[in-house]
Amino acid sequence: EESYDEECDYLFKAVLIGDSAVGKSNLLSRFSRDEFRLDSKPTIGVDFAYRNVRVGDKTIKAQIWDTAGQERFRAITSSYYRGALGALLIYDITRRITFKNIEKWLSELRGFSSPDTVVVLVGNKSDLGQSREVEEEEGKTLAESEGLYFLETSALENQNVEEAFLSMIGRIHEVLT
Ligand code: GDP
Ligand code: MG
């Protein structure tokens, strides 16, 4: 029922970043369409999705950009980041390397975006606790030291996905108004 032209008070751009296969595209499809794919392809062919969100008496159209696989080659360009007011910085709690690489993604993000950009650190795949390589406490500590928000999510089980996107969108709204 959400048409492309639906009336909105604000249009926000936000970006998803993080290593390949951490679950960026599934977090976005869960948030925008309530869909999850076990066999998701690295390239999904679309670069962004929209969802309208009510904050107080305002309607915000959140335009969320997803990489179409460029992150594999660390070839994300400045245009991807341009104008982004928020970012979800995502790692996979079952692969420590994806957590280590957060520092690289964060410095790239900071190089390309404004200092006001709202950043939420997301440890995805919390449903896979038995294969966990990164403790929740480590995510929390990194977020505190970098001044980020932090959540663990599961796109598969739809845990904390709304909270991750909505906390970012709500915070952007606060920064702008
Ligand atoms: P992207 O490369 O970062 O966009 O990652 P994808 O969204 O394509 O997901 C990569 C793989 O991880 C796919 O096989 C997904 O089904 C799987 N995946 C994504 N999110 C979750 C999650 O929360 N839990 C589990 N168990 N698997 C997930
Ligand atoms: Mg993807």
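Right, let's walk through the structure included here. (Residues numbered from 1 in each chain as written. Chains lettered and ligands numbered in written order. Predicted model: local features only at pLDDT ≥ 70, side-chain atom pairs only at ≥ 80, totals over all residues. Heavy atoms only, no water.)

With that settled, the discussion passes to the nonpolar core. Of all hydrophobic cores here, the largest spans 48 residues; its most connected members are Leu89, Leu121, Phe165, Met168 and Ile169. Ranked by residues supplied to this core, first place goes to helix α6 (residues 161-176) with 6 residues. Non-local contacts of methionine 168, meaning those with residues more than four positions away in its chain, are made with Ala14, Ile64, Gly86, Ala87, Leu88, Val118 and Val120. (Core = buried A, V, L, I, M, F, W, Y, C linked by side-chain atoms within 4.5 Å. Buried < 20%, exposed > 50% of the residue type's maximum accessible area, 1.4 Å probe, protein only. Helix = DSSP H or I, 4+ residues; strand = E, 2+ residues; numbered from the N terminus. Contact = heavy atoms within 4.5 Å.)

A few words on a negative patch on the surface. There is a patch of like negative charges on the surface, built from Glu135, Glu136, Glu137 and Glu144. As for its placement among the helices and strands, glutamate 137 is situated in helix α5 (residues 136-146). (Patch = residues over 30% accessible without salt bridge, like charges linked within 9 Å, V, L, I, M, F, W, Y side chains within 5 Å. Areas by Shrake-Rupley, 256 points an atom, 1.4 Å probe, with all protein chains shown as cover. Salt bridge = Lys/Arg side-chain N within 4 Å of Asp/Glu carboxyl O. Lys, Arg positive; Asp, Glu negative; His and termini not counted. Charge placed at Lys NZ, Arg CZ, Asp CG, Glu CD.)

Read from one edge to the other, the open sheet built from 6 strands follows the order β2-β3-β1-β4-β5-β6, with strand pairing classed as mixed. With partners counted over all chains shown, the strands left at the sheet margins are β2 (48-55) and β6 (149-153), one partner each. Between one strand axis and the next, the sheet turns through 25° on average, direction left out of account. Sheet topology places β2 next to strand β3 (residues 58-65); 8 bridges connect them, and they run antiparallel. (Pairing = 2+ DSSP bridges. Axes fitted to C-alpha atoms, helices over the stretch in contact; angles between N-to-C directions.)

Before going further, it helps to examine the packing of aromatic side chains. Here the structure, examined in full by the defined rule, presents 8 aromatic pairs. When the centroid spacing of 6.1 Å and the interplanar angle of 35° are considered together, the rings of tyrosine 10 and phenylalanine 12 count as tilted. When the ring of tyrosine 80 is compared with that of tyrosine 81, the centres are 5.7 Å apart and the planes differ by 90°; the resulting orientation is edge-to-face. We classify tyrosine 80 as buried; its relative accessible area is 6%. (Phe/Tyr/Trp six-rings, centres within 6.5 Å; stacked < 30°, edge-to-face > 60°.)

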